[in-house]
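# Close look at the chain arrangement
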Amino acid sequence: MARGAEGALLLLLICFNFGNGLHLEALHSRNENKLLPKHTHLVRQKRAWITAPVSLREGEDLSRKNPIAKIHSDLAEEKGIKITYKYTGKGITEPPFGLFVFNKDTGELNITSILDREETPFFLLIGYAVDEKGNNLEKPIELRIKVLDINDNEPVFTQDVFVGSIEELSAANTLVMKITATDADEPNTLNSKISYRIVSQEPAYPPVFYLNKDTGEIYTTSITLDREDNSWNYPLLGMGPVWAISYMW
């Protein structure tokens, strides 16, 4: 701020509570046409409260980390009134009930069960600070809980049998077919990355087909397919279904 210019000095006092709750108190002091003296007493003009997002890993007993979050308002100290805290949302007032419990006096939030990201990847809870008559003393606040993924799902083929065909005497590296699988873990992560491989093929040697491990595409090798020299049905075995490949003349 340039000397002599009008402006406002905004000081932020950030206080961390146990768990992942974050209470923010904003102090606002306005000074007209001069710099704010170093020892000027700051009078609070505006106040707010917020919480930081919470991340919890699925498949683990998280009760040892309780409380996982906390909301807090300092109005009790300021105005000498009784404050009661409460939360609403999935896991408390919506199914699955009882997943989270809270302390109405301290604002602490505890978890009671193991989370499953594939069932619920994200929770949005709303926190309240109310007086003895149930009136809101603060604007309701959002508490976002993200469930972190673990690699707890096996890939599943989209079909029991994949069938492809190819003409005899086709050139090497000809695309024959493509196999596909899905994984229920979090998309676009290593946990859901799928790699394909051929477990066996007949005849085993020399191999007639090769597989792109990343795309699931099956191609011919440099061996020329001849229907009169070989059986016209080549079964390929994978980690689940049978991949039946025939070639035509």
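Structure: see above.
Residues numbered from 1 in each chain as written. Predicted model: local features only at pLDDT ≥ 70, side-chain atom pairs only at ≥ 80, totals over all residues. Heavy atoms only, no water.

## Brief notes about the sheet that holds strand 15 (residues 209-211)
Taken in spatial order, the 3 strands line up as 12-16-15 in an open sheet, and their pairing is antiparallel. Edge positions in the sheet fall to strand 12 (175-178) and strand 15, since each of these pairs with one other strand and no more. Going across the sheet, the axis of each strand differs from the next one's by a mean of 25°, ignoring polarity. As defined by bridge partners, strand 12 adjoins strand 16 (residues 217-220) across 3 bridges and the pair is classed as antiparallel. From the neighbouring strand, L175 faces strand 16, where its bridge partner is Y219. (Pairing = 2+ DSSP bridges. Helix = DSSP H or I, 4+ residues; strand = E, 2+ residues; numbered from the N terminus. Axes fitted to C-alpha atoms, helices over the stretch in contact; angles between N-to-C directions.)

## A word on the pairing of strand 7 (residues 108-111)
With burial as the criterion, only one face of strand 7 is covered, namely that bearing L109 and I111; the residues E108 and N110 on the opposite face remain uncovered. Pairing of strand 4 (residues 69-70) with strand 7, which is carried by 2 bridges, proceeds in the antiparallel orientation. Across the sheet, the residue bridging to K70 is E108, located in strand 7. Relative to strand 7, strand 6 (residues 100-102) is paired through 3 bridges, and the arrangement is antiparallel. (Buried < 20%, exposed > 50% of the residue type's maximum accessible area, 1.4 Å probe, protein only.)

## Some words on the pattern of salt bridges
Considering all chains together, one arrives at 7 salt bridges under this definition. Across the salt bridge formed by D105 and K104, the nearest N and O atoms sit 3.4 Å from each other. A salt bridge links D214 to K213, with the nearest nitrogen and oxygen atoms 3.3 Å apart. D214 gets classed as partly exposed once you look at its relative accessible area, which sits at 43%. Relative accessible area serves as the criterion here: at 46%, K213 is assigned to the partly exposed category. (Salt bridge = Lys/Arg side-chain N within 4 Å of Asp/Glu carboxyl O.)

## Section: the side chain of S170
As for its placement among the helices and strands, S170 is situated in the loop between strand 11 (161-167) and strand 12. At 2.5 Å, the side chain of S170 and the backbone oxygen of E167 are in polar contact. (Polar contact = N/O pair within 3.5 Å; in protein donor to acceptor, adjacent residues only side chain to side chain.)

## What to know about unusual backbone geometry
Here the bond from N66 into P67 is cis, since omega is -5°, no more than 30 degrees from zero. Tracing the backbone through its elements, the reader meets P67 in the loop between strand 3 (54-57) and strand 4. Note the cis peptide between P95 and P96, where omega equals 0°. With respect to the helices, strands and loops of the structure, P96 is situated in the loop between strand 5 (84-89) and strand 6. Of note, the phi angle at N173 is positive, near 65°, even though the residue is not glycine. Inspection of the secondary structure puts N173 in the loop between strand 11 and strand 12. In the Ramachandran plot, N188 falls in the positive-phi region, its phi being about 60° despite a non-glycine side chain. Inspection of the secondary structure assignment puts N188 in the loop between strand 13 (181-182) and strand 14 (200-201). Of the residues examined, N188 reaches a relative accessible area of 84% and is grouped as exposed.

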